[in-house]
Amino acid sequence: LTKRALALGLAVPAVAAAGRIGAGGRLAAAQEGTPPGEPAPLGEELDLANLSPGVPAPSEPTTITFASWVADTTTVVALRDRFQEIFPTITVELVNVPAEQFTDRLTTQIAGGNPPDCAFMDSSAVAAFASRSALVDLDPYIAQSAAVDLDDYVEAFRQSATFEGTTYGLPIDGESTGLFYRTDLFEAAGIDGPPQTWDEFAAAAQALTELDDRTYGFIMFAPEAAYYWYPWLWQAGGELLSADGQEVLFNSDAGRRAAEFYVGLTDYSPPDFFNSNSYDGRVAFATGQVGMYVAGAWFAATLNEQYPEIRDKWATAPLPQDQRCATTIAGDTLTILALSEKQDAAWKWIEFLSAPRNMAYWNLGTTTDPGSLLPPRRSLLDDPRLSEISPVLAGFAEQMACGVTGTIANPQWPEIEQAINEALGRAIYGEIDPAAALEEAAFAAEEIIDEG
């Protein structure tokens, strides 16, 4: 379960998506009502049978395939069943594919001419598939839709579903990255609240590390070095590549300063975890080995489910700031495959999932079965009832305004990202200094761009 360490960025939000999306089996987002004692569903109520009347449902029985790594969750099954009640001529066959195999399998299926009709994919993969003409241009469908308002989507998520000015996907879920901290360890170390600046963060990490022989201030993972470095880069005012994806920018002065600060945090991190990953590292936080942990909202659900005994010993806060507020966002996107012969029926399905109330249920679940993801639409994020359904997500929702996507308008980006990841990983191990790591990665990135 390696977050964003694979070439196309498929990892913990992707691999652990079944744990991130609403786990409840009740269809709280159906338009017909709400389970007793729970808040009203978020989002505009729409006529689900007529979201895009100009796109006809098939008159004959039609089966579409929907590939994802969340196909067997109760949430998706409940939504599928509701959809089939509304559109009885469309059968949705849910095809479950392990997240770590998803991109390779889809690539093979496209090459063989037999891909699924529609797919749920990591947002970072959209540009790569769109650049190979493997996905359907959704703009003509969106223009007719009462459910999909592109202006309502958080800009970073909308950008991740766009390639060369064309929309190839509908963002369905997301998360922002925040700071988890152990309130009990902060109190023991005499730290008054979560750090708000880089200097305060380093001071807190040092104080926690000096607390006793078994406690560290922070935790780092070399296999995920790039993904967790990005917020520091953006906060320092740096960028990854130019807007057209053709110029390397991450080895700027801001990038070097961010890399030096980030790699310097190894002084306050347990070396035994350098070769681990963020999901496995949860144990270190839960057992009090580390006092601070950077992760997406998925981690809150993991802590509540797996470590209820420390429920009152941790809290969340925005990431500390430098030149600007910035945090990583990640998510998943609904797409239609260009080789599908049932594109209208596939559109009906992904449009149904994107209707505001269904999107809210997909992400938030219910008060009794809460999810741990966020809907990537402003109207849902701004609804005060979000915090009633899932209080821990409220702070992460606020951070979405600071969200920056690591998705780049260059189909070669995954290969470039891997070069950054490997170089920064070497720096974490002490094999190379941070500035040299960036130069090494920049040289590799420039070669990749030139060869493209």
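Rules used throughout
Residues numbered from 1 in each chain as written. Predicted model: local features only at pLDDT ≥ 70, side-chain atom pairs only at ≥ 80, totals over all residues. Heavy atoms only, no water. Helix = DSSP H or I, 4+ residues; strand = E, 2+ residues; numbered from the N terminus. Rg over C-alpha atoms; globule rule 2.2 N^0.38 Å. Buried < 20%, exposed > 50% of the residue type's maximum accessible area, 1.4 Å probe, protein only. Contact = heavy atoms within 4.5 Å. Areas by Shrake-Rupley, 256 points an atom, 1.4 Å probe, with all protein chains shown as cover. Lys, Arg positive; Asp, Glu negative; His and termini not counted. Charge placed at Lys NZ, Arg CZ, Asp CG, Glu CD. Phe/Tyr/Trp six-rings, centres within 6.5 Å; stacked < 30°, edge-to-face > 60°. Lys NZ or Arg CZ within 6 Å of the ring centre and 35° of its normal. Salt bridge = Lys/Arg side-chain N within 4 Å of Asp/Glu carboxyl O. Axes fitted to C-alpha atoms, helices over the stretch in contact; angles between N-to-C directions. Parallel < 35°, antiparallel > 145°, perpendicular 65-115°, else oblique. Left-handed = near helix turned anticlockwise from the far one by under 90°. Pairing = 2+ DSSP bridges. Expected span 1.5 Å × (residues − 1). Arc of directions from axis to C-beta. Polar contact = N/O pair within 3.5 Å; in protein donor to acceptor, adjacent residues only side chain to side chain.

(A) Region of interest: the overall build of the chain. Across its full length, the chain holds 20 helices and 10 strands. What you see for the chain is a C-alpha radius of gyration of 22 Å, in line with the 22 Å of a compact globule of 452 residues. The dimensions of the chain, computed from C-alpha atoms along their principal axes, are 70 × 55 × 30 Å. Looking at the chain as a whole, 60% of its 452 residues qualify as buried. Long-range pairs, those at least 24 residues apart, make up 77% of the contacts in the chain with a sequence separation of at least 6. Per element, the accessible surface of the chain, about 16,700 Å² overall, is 47% carbon and sulfur. Taking the average place of the 24 positive charges on the side chains of the chain and the average place of its 64 negative ones, the gap between the two points comes to 6 Å.

(B) Expanded view of the packing of aromatic side chains. Enumeration over the complete set of coordinates arrives at 28 aromatic pairs. When the ring of F180 is compared with that of F299, the centres are 4.9 Å apart and the planes differ by 80°; the resulting orientation is edge-to-face. Taken as a pair, F180 in strand β6 (residues 170-182) and F299 in helix α13 (residues 298-306) lie far apart in primary sequence, 119 residues in all. Each member of the pair F180 and F299 is classed as buried. Taking 6.2 Å as the distance between ring centres and 15° as the angle between the ring planes, the aromatic pair formed by W349 and F352 counts as stacked. In this pair, W349 and F352 are both assigned in helix α14 (residues 343-354), 3 residues apart and thus about one turn of the helix distant. We classify W349 as buried; its relative accessible area is 0%. A connected cluster of aromatic rings, assembled from ring pairs, spans F180, F221, Y279, F285, Y293, W298, F299, W314 and F396. A cation over an aromatic ring shows up here: R132 above the ring of F129, its NZ or CZ 4.9 Å from the ring centre.

(C) Broad picture of the pattern of salt bridges. Applying the stated criterion across every chain, the model contains 14 salt bridges. Between D81 and R80 there is a salt bridge whose closest N-O contact spans 2.9 Å. A residue is classified by how much of its surface remains accessible, and D81, at 35% relative accessible area, is partly exposed. Assessed through its relative accessible area of 18%, R80 is described here as buried. Ionic pairing is found between R324 and E239, a salt bridge with its closest N-O pair at 3.2 Å. Taken together, the positions of R324 in the loop between β8 (314-317) and β9 (327-336) and E239 in the loop between α10 (225-235) and α11 (253-264) put the pair 85 residues apart, joining distant regions of the chain. Relative accessible area serves as the criterion here: at 35%, E239 is assigned to the partly exposed category. Three or more residues are tied together by salt bridges with common partners; here these are D253, R256 and E439.

(D) Spatial organisation of the environment of L337. Along the chain, L337 turns up in the loop between β9 and α14. Along the chain, L337 and G190 lie 147 residues apart, while their C-alpha atoms are 55 Å from each other. Among residues more than four places away in sequence, those in contact with L337 are L106, I110, P115, P116, D117, C118, A119, A134, L135, V136 and Q343.

(E) Fine view of the packing of helix α3 (residues 74-86) against α14. Relative orientation of the contacting elements α3 and α14 amounts to 120°, with a least axis distance of 11 Å. Relative to α14, the element α3 is oriented oblique. For the pair α3 and α14, the sense of crossing is right-handed. Note on element contacts: α14 touches α3 through K348, W349, F352 and L353, opposite L79, R80, R82, F83 and I86.

(F) Spotlight on the pairing of strand β3 (residues 118-122). Counted residue by residue, β3 has 5 buried out of 5 residues, so it is predominantly covered. Here strand β1 (residues 62-68) pairs with β3 via 2 bridges, running parallel. For F66, the partnering residue across the bridge sits in β3 and is C118. When β3 meets β9, the two strands line up antiparallel, connected through 5 bridges. Bridge assignment links A119 to a residue of β9, and that residue is T335.

(G) Just helix α20 (residues 434-451), in detail. Over its 18 residues, α20 extends 26 Å from the first C-alpha to the last, a length consistent with the 26 Å expected when each residue adds 1.5 Å. Within the span of α20, buried status applies to P434, A437, L438, A441, A442, A445, I448 and I449. An end-on view of α20 places all buried positions within 130° of arc, on one side of the element. α20 presents F443, D450 and E451 as exposed residues on the side facing more than 90 degrees away from its buried surface. In this fold, the buried residues of α20 make contact with α10, α11 and α19 (413-428). In this structure D433 caps α20, since a side-chain oxygen of it lies 3.1 Å from the backbone nitrogen of A435.

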